[in-house]
Amino acid sequence: MATIKPFRSVRPREDVASRVAALPYDVYNRAEAKVEVEREPLSFLAIDRAETSLPDEVDTYDPQVYAHAKELYQARLDDGTFIRDEDRAYYIYELIMDGRSQIGLVAVASIDDYVNGVIKKHENTREDKEIDRITHVDTLGAQTGPIFLAYRDDTTIDSIMAKSMKQTPLYDFTAPDGVTHKAWKISDSTDVEKIEETFKNIDAIYIADGHHRAASAVKVGLRRRESADDTIKMGDVETIQANEDGVVESDYFLSVLFPEDQLKIMDYNRTVKDLNGLSTETFFAKVRENFNVEAAGEQVRPDKKGTFGMYIAGQWYRISAKEELYKGKDAVGALDVSILQDYLLGPILGIGDPRTDKRIDFIGGIRGLDELERRADLDMKVSFSMYPTSITELFDVADAGLLMPPKSTWFEPKLRSGLFIHEIDA
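Residues numbered from 1 in each chain as written. Predicted model: local features only at pLDDT ≥ 70, side-chain atom pairs only at ≥ 80, totals over all residues. Heavy atoms only, no water.

Undergrad: Pulling in residues and values, what's your account of the nonpolar core?
TA: The biggest cluster of nonpolar side chains holds 70 residues, and the ones touching the most others in it are F283, F291, L344, L345, L349, F384 and F420. If near-sequence neighbours (up to four positions away) are discounted, L349 is found in contact with V272, D274, L275, N276, F283, L344, R359, V382 and F384. Counting residues in each nonpolar core, the second largest holds 32 residues, with A109, Y151, F199 and A214 among its members. (Core = buried A, V, L, I, M, F, W, Y, C linked by side-chain atoms within 4.5 Å. Buried < 20%, exposed > 50% of the residue type's maximum accessible area, 1.4 Å probe, protein only. Contact = heavy atoms within 4.5 Å.)

Undergrad: Please set out the pairing of strand 9 (residues 171-174) residue by residue, giving values where relevant.
TA: Taken residue by residue, a regular strand's side chains alternate between the two faces of the sheet. Along strand 9, the buried face is formed by Y171 and F173; none of D172 and T174, which line the opposite face, is buried. Relative to strand 10 (residues 180-186), strand 9 is paired through four bridges, and the arrangement is antiparallel. Note on strand 10: the bridge partner recorded for T174 is T180. From the end of strand 9 to the start of strand 10, which pair antiparallel, there are five residues, and G178 there has a positive phi angle of about 90°. (Helix = DSSP H or I, 4+ residues; strand = E, 2+ residues; numbered from the N terminus. Pairing = 2+ DSSP bridges.)

Undergrad: Account for the sheet that holds strand 2 (residues 9-12), naming residues and giving values.
TA: Read from one edge to the other, the open sheet built from four strands follows the order 3-2-21-7, with strand pairing classed as antiparallel. Looking at which strands have only one partner, the edges of the open sheet turn out to be strand 3 (82-84) and strand 7 (142-143). In terms of strand pairing, strand 2 meets strand 21 (residues 421-423) through two bridges, oriented antiparallel. The residue bridging V10 from the neighbouring strand is I421, located in strand 21. Against the sheet, helix 4 (residues 63-78) contacts strand 2, strand 3, strand 7 and strand 21, and its axis sits at roughly 75° relative to strand 3. (Axes fitted to C-alpha atoms, helices over the stretch in contact; angles between N-to-C directions.)

Undergrad: Which residues make up empty space enclosed by the protein, and what values go with them?
TA: For the coordinates displayed, the defined rule picks out one cavity of 30 Å³ or more. The space that makes up the largest cavity amounts to roughly 50 Å³. Element by element, the count of residues in the lining of the largest cavity is highest for helix 11 (residues 336-345), at three residues. Partitioned by chemical class, the residues of the lining of the largest cavity number six nonpolar, one polar and one charged. (1 Å grid on protein atoms, 1.4 Å probe; cavity = no way out; pocket = protein on both sides within 12 Å on 5 of 7 lines; lining within 4 Å. Points joined across faces, edges and corners; volume = space filled by probe spheres on them. Nonpolar A, V, L, I, M, F, W, Y, C, P; charged D, E, K, R; others polar.)

Undergrad: Describe in detail helix 8 (residues 189-199), supporting the description with residues and values.
TA: Residues of helix 8 that are buried include every one of D191, V192, I195, E196, T198 and F199, and no others. In an axial view of helix 8, the angular spread of the buried residues amounts to 160°, which keeps them on one side of the axis. In helix 8, the exposed residues that point more than 90 degrees away from the buried face are S189 and E193. Here helix 8 starts with a cap whose side-chain oxygen sits 3.1 Å from the backbone nitrogen of T190, and that cap is D188. (Arc of directions from axis to C-beta. Polar contact = N/O pair within 3.5 Å; in protein donor to acceptor, adjacent residues only side chain to side chain.)

Structure representation (structure tokens):
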């Protein structure tokens, strides 16, 4: 049973929404973020990465960075860049990329569902990456980057969303990267109630992208709950942050939920710096022990599970895993990313832990196969193109309580930050 609720959103005025909407904070390094904010001062990145408007010598994680983010956020509320909706509502968020539409429901999800496993994850998180967003959310008193969630298709929710999309959209703009963004509001009380009740009959929600943002939001909520419990024990009930509806906003986190049929996972490719001391001939001989190898006259974009492209010394090869490699494997072991790691990257190229090994790099499919060639020709030695992990495989791994290898999935298009904000201070 999933608890997915409507909320009072803070969002940009329609005339500035296209300028405010920003890619997630973690797709930029500091220098790139600064250039983007200079290009568009209204970009939400200025708040997500407030160090961009501070001197370069100020550390990214200095307390004054978060304080400055709070100042910038408040200033945009004061000048009317952001407005607060008065009613609790769901929103529809459509992204169109290369002619393909992806439609999700903007809502808030329960931190208890995350803790109890109703909201399932497929990746581990790193505490050092969480601390930044924990501090950011706690200081702003607001969640600004939505978590990308997925659920199994439901016709009731689909029909309500389809009806609501016949209205005039709140937003309709195309970003500089060519992705079109549209949004609608679902505020009809009957529709709102029906959506909430329908999710109560859905027993699993899946984190598709945003594991660190989700973990951070949950930890902020749990800390605030623990603090409230302590004040109750001390007899001070004034500090409990429940609003007039009796909702503690920090018990929920900002999300966009997509039905599985809306999702497309892109390939997440690999490139390796050297052949681990092997000659080219020895390397190929070892690869052929578990893979069939065939020279290709063009770039290889795998068209089915179990096949990989390999680019080395200016030549593409199609390699396919021998059938026995998949026998007896669990949901994780049967992933193509696991097969490549367990039978080639690890034992042949010596990539023991791809999370920490500096000899391997990962290239999202959005950058294309040309980037794999460029890197192998420039500063690496061999590149591998992958067949994308499927949404069914993601669900199977999460349902089994297992975790995927790093860099198993790449989702496009990216949800924009700043279009919907969930304030957790009552």
